[in-house]
Amino acid sequence: MTMVTVRFFAAARAAAGTTETSLDAASLTELREFLGEKYGPELTRVLSISSYLVDGTRDGDLRDGAVVDVLPPFAGG
């Protein structure tokens with residue numbers, strides 16, 4: 001079991017209607033599927049254009065207890 005905490009930012013937070021959730025997922029692909037099923041098509045769209053940090057790095061390997069940040073594109077620069 002790979003239980004992770006997912007933190008939503010900006011448009012992802014708005015689409016999910018929450019700042020954070022926890023779930024069991026073995027990969028980022030599986031994580032995106034589960035989140036889309038749970039929160040609907042608008043979050044699915046946002047997830048498709050987002051970047052992901054796992055415990056602060058872009059390596060993408062999920063580990064039990066990991067924190068995954070969902071970072072949609074931000075305006076400005």
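Please refer to the structure higher up on the page.
Throughout what follows, the structure given in this document is the object of discussion.

Conventions adopted
- Residues numbered from 1 in each chain as written.
- Predicted model: local features only at pLDDT ≥ 70, side-chain atom pairs only at ≥ 80, totals over all residues.
- Heavy atoms only, no water.
- Pairing = 2+ DSSP bridges.
- Helix = DSSP H or I, 4+ residues; strand = E, 2+ residues; numbered from the N terminus.
- Axes fitted to C-alpha atoms, helices over the stretch in contact; angles between N-to-C directions.
- Contact = heavy atoms within 4.5 Å.
- Buried < 20%, exposed > 50% of the residue type's maximum accessible area, 1.4 Å probe, protein only.
- Parallel < 35°, antiparallel > 145°, perpendicular 65-115°, else oblique.
- Nonpolar A, V, L, I, M, F, W, Y, C, P; charged D, E, K, R; others polar.
- Expected span 1.5 Å × (residues − 1).
- Arc of directions from axis to C-beta.

Regarding the sheet that holds strand S1 (residues 3-8)
Part 1 of the argument: Here we have four strands laid out as an open sheet, ordered S2-S1-S4-S3, and mixed in their pairing. For this open sheet the edge positions go to strand S2 (20-24) and strand S3 (51-54), each flanked by a neighbour on one side alone. Across the sheet, the axes of successive neighbouring strands diverge by a mean angle of 25°, strand direction being ignored.
Part 2 of the argument: Taken together, the four bridges between S1 and strand S4 (residues 67-71) define a ladder with parallel strand orientation. Opposite Phe 8, over in S4, you have Val 70 as the bridge partner.
Part 3 of the argument: The sheet strands contacting helix H2 (residues 28-39) are S1, S2, S3 and S4, and the helix crosses S2 at an angle near 120°.

As for unusual backbone geometry
Part 1 of the argument: Look at Ala 10: it is not a glycine, yet its phi comes out positive at around 50°.
Part 2 of the argument: Along the chain, the position of Ala 10 falls in helix H1 (residues 10-16).
Part 3 of the argument: Relative accessible area serves as the criterion here: at 39%, Ala 10 is assigned to the partly exposed category.
Part 4 of the argument: Phi at Asp 55 is positive, roughly 50°, even though this residue is not glycine.
Part 5 of the argument: As for its placement among the helices and strands, Asp 55 is situated in the loop between S3 and S4.

Overview of the packing of H2 against helix H3 (residues 41-48)
Part 1 of the argument: Closest axis-to-axis distance for the H2/H3 pair is 7 Å, and the angle between their directions is 150°. Judged by the angle between their axes, H2 and H3 are roughly antiparallel. Taken together, the residues of H3 that come into contact with H2 (itself represented by Arg 32, Leu 35, Gly 36 and Tyr 39) are Pro 41, Leu 43, Thr 44 and Leu 47.
Part 2 of the argument: The residue inventory of the contact of H2 with H3, partitioned by class, reads five nonpolar, two polar and one charged.

Observations concerning H2
Part 1 of the argument: For H2, built from 12 residues, the straight-helix expectation of 16 Å at 1.5 Å per residue is met to within 8% by its first-to-last C-alpha distance of 16 Å.
Part 2 of the argument: Leu 28, Leu 31, Leu 35 and Gly 36 are the residues of H2 that are buried. Mapping the buried residues of H2 onto a view down its axis gives an arc of 130°, with all of them on the same face.
Part 3 of the argument: Tucked inside the fold, the buried residues of H2 contact S1, S2, H3, S3 and S4.
Part 4 of the argument: Looking one or two residues past H2, Gly 40 carries a phi angle of roughly 100°, positive in sign.

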